[in-house]
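Geometric and topological summary
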Amino acid sequence: MVLDELNTPIVLAPMAGGPSTPELAAAVSEAGGLGFLAAGYLTAADLADRIKRTRAITTASFGVNLFYPSAPTPADRFAAYVAELGRDFPVGEPRHDTDDWDAKLDLLIAEPVAVVSVTFGCPSADEVARLHAAGSEVWVTVTSVAEARQAADAGADALIAQGAEAGGHRGVFTDRAEDDAVDALGLLTLVQLLTAAVDRPVIAAGGISTGAGLASVLAAGAAAAQIGTAFLRSPEAGTAPLLRDAVASAAPTQLTRAFTGRRARGVRNKFMTDHPDAPVAYPEIHYATGPLRAAARSEGNADAVNLWAGQAHSLAPELPAGELVRQLSAEAKTALEKALSRPIQGC
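Residues numbered from 1 in each chain as written. Predicted model: local features only at pLDDT ≥ 70, side-chain atom pairs only at ≥ 80, totals over all residues. Heavy atoms only, no water.

1. Looking at the packing of aromatic side chains
Counted under the stated rule, the structure contains 8 aromatic pairs. Here the aromatic rings of Tyr68 and Trp101 are separated by 4.9 Å at their centres, their planes lie at 75°, and the arrangement is edge-to-face. With Tyr68 in the loop between strand 3 (62-67) and helix 4 (79-86) and Trp101 in helix 5 (residues 101-110), this pair connects stretches of sequence that are 33 residues apart. With relative accessibility at 24%, the residue Tyr68 sits in the partly exposed group. Geometrically, the ring pair formed by Phe259 and Trp308 is edge-to-face, given 6.0 Å between the ring centres and 85° between the ring planes. With Phe259 in the loop between strand 10 (253-256) and strand 11 (264-267) and Trp308 in the loop between helix 13 (290-299) and helix 14 (321-340), this residue pair connects regions lying 49 residues apart in the sequence. Taken individually, Phe259 and Trp308 each receive the classification buried, so the pair is uniform in this respect. Members of the aromatic cluster, joined through ring pairs, are Tyr41, Phe67, Phe120 and Tyr282. (Phe/Tyr/Trp six-rings, centres within 6.5 Å; stacked < 30°, edge-to-face > 60°. Helix = DSSP H or I, 4+ residues; strand = E, 2+ residues; numbered from the N terminus. Buried < 20%, exposed > 50% of the residue type's maximum accessible area, 1.4 Å probe, protein only.)

Structure below.
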């Protein structure tokens, strides 16, 4: 497996919408981890260009993340919300698309990468088999044991366990408003449940910003950690200035549907708190709020833009990505050695 070939058990989280760049992916891979490109919101042609650019700056392995398409949402479920936003903000046309799923899948069959990961759902067994035949491993983001079993049955090679602490969108297969009242599983709980229930390597994701955090999930049974927020302040990341500033702050995070219609964790701001009852409608609301988010970025208005980040965002350092990989690795080794030095009865 690709995980066995890494010099350090660090996987870059694929952060769609700007932070993910070829330079960031290459830097993590060059430092011994596994870099990732985010394909979300890109056309297949744009993705092909980013893969080409990444290959031009590294010969190391890297992965690509795809968004699994959701079903369209009936307009009557989100029309009133979009109309409400339109009274105070510029809004766009809410629409559904498949995020160019078929074309991106065809591209990755023709131009395979080491790993293809999938978020927001589980690819079919046939789709997994096509990627396997092209030489790629398939990893699936899961948030529960039930999702993990479905992914394993489809042929997934590894599971990305996304804890509630993680920044950005929740990777649930089926997004339902009634599930908002149920506590999402924290990362350590989820890792323990998955390693006990499913015979697949687990990559832990959510709230890991230090070597000690990396060590904790390895001790819990994870094969590696997928880390995103900790890299948002790296110079190779395409992180917007407003988000860089928010990540460096001590502000709390919150789960919200206000910006996209799918629950996502970000640094709390006024738009979130003003719209606590946004409907389930992704990607329709994502497209509707595009103009207001773009306007907020251009105006430097942090209160009206999504600031996706995990719960431990304030610990993210401002370091080059390769240096951060090496620092996290060294800190994790020290943390594990320190833990092993503690007395445990019978040992």
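Right, picking up where we left off after that structure.
2. A look at helix 13
Here helix 13 has its buried residues at Leu292, Arg293 and Ala296. One side of helix 13 holds all its buried residues, which, seen down the axis, span an arc of 100°. Residues of helix 13 that are buried sit in contact with helix 4, helix 10 (241-248), helix 11 (270-274) and helix 12 (284-288). Backbone geometry just downstream of helix 13 places Gly300 in the positive-phi region, at approximately 70°. (Arc of directions from axis to C-beta. Contact = heavy atoms within 4.5 Å.)

3. What about the pairing of strand 9 (residues 224-227)?
Along strand 9, one buried face is formed by Ala224 and Gln226 and the opposite face, lined by Ala225 and Ile227, is buried too. In this sheet, strand 9 lies alongside strand 1 (residues 10-12) in parallel orientation, the contact comprising 3 bridges. Bridge pairing in strand 9 places Ile10 opposite Ala225. Where strand 8 (residues 202-205) lies against strand 9, 3 bridges are found, and the strand directions are parallel. In the strand pairing of strand 9, Ile203 is matched with Ala224. At this point the chain moves from strand 8, through helix 9 (residues 211-219), to the parallel strand 9, and the crossover so formed is right-handed. (Pairing = 2+ DSSP bridges. Right-handed = clockwise from strand over helix to strand, strands pointing away.)

4. A look at the sheet that holds strand 11
Taken in spatial order, the 3 strands line up as 7-11-10 in an open sheet, and their pairing is antiparallel. The open sheet has two edge strands with one neighbour each: strand 7 (168-169) and strand 10.

5. Here's the deal with the side chain of Arg262
Positionally, Arg262 belongs in the loop between strand 10 and strand 11. A polar contact of 3.3 Å, which involves the side chain of Arg262, links it to the backbone oxygen of Val172. (Polar contact = N/O pair within 3.5 Å; in protein donor to acceptor, adjacent residues only side chain to side chain.)

6. Regarding the packing of helix 2 (residues 22-30) against helix 14
The interhelical angle for the contact between helix 2 and helix 14, taken along N-to-C directions, is 35°, at an axis separation of 8 Å. The handedness of the crossing between helix 2 and helix 14 comes out as right-handed. Where helix 2 abuts helix 14, its residues Leu24, Ala27 and Val28 lie against Ala321, Gly322 and Val325. Grouping the constituent residues of the contact of helix 2 with helix 14 by class yields 5 nonpolar, 1 polar and no charged. (Axes fitted to C-alpha atoms, helices over the stretch in contact; angles between N-to-C directions. Left-handed = near helix turned anticlockwise from the far one by under 90°. Nonpolar A, V, L, I, M, F, W, Y, C, P; charged D, E, K, R; others polar.)

7. Describing the pattern of salt bridges
Under the counting rule described, the total for this entry stands at 12 salt bridges. Here Arg263 makes a salt bridge to Asp180, at a shortest N to O gap of 3.3 Å. Taken as a pair, Arg263 in the loop between strand 10 and strand 11 and Asp180 in the loop between strand 7 and helix 8 (187-197) lie far apart in primary sequence, 83 residues in all. Overall, Asp180 belongs to the partly exposed group, its relative accessible area being 30%. Sharing partners across several salt bridges, the network here consists of Asp175, Asp180, Arg257 and Arg263. (Salt bridge = Lys/Arg side-chain N within 4 Å of Asp/Glu carboxyl O.)

8. Things to note about unusual backbone geometry
Omega for the bond connecting Tyr282 with Pro283 falls within 30 degrees of zero, at 10°, which places this linkage in the cis form. Structurally, Pro283 can be placed in the loop between helix 11 and helix 12. The residue Tyr41 is not glycine, and still its phi comes out positive at about 75°. Looking at the element boundaries, Tyr41 is found in the loop between strand 2 (35-38) and helix 3 (44-57). Look at Asp100: it is not a glycine, yet its phi comes out positive at around 60°. Position of Asp100 relative to the elements: it lies in the loop between helix 4 and helix 5. Classification of Asp100 by relative accessible area gives partly exposed; the value is 33%.

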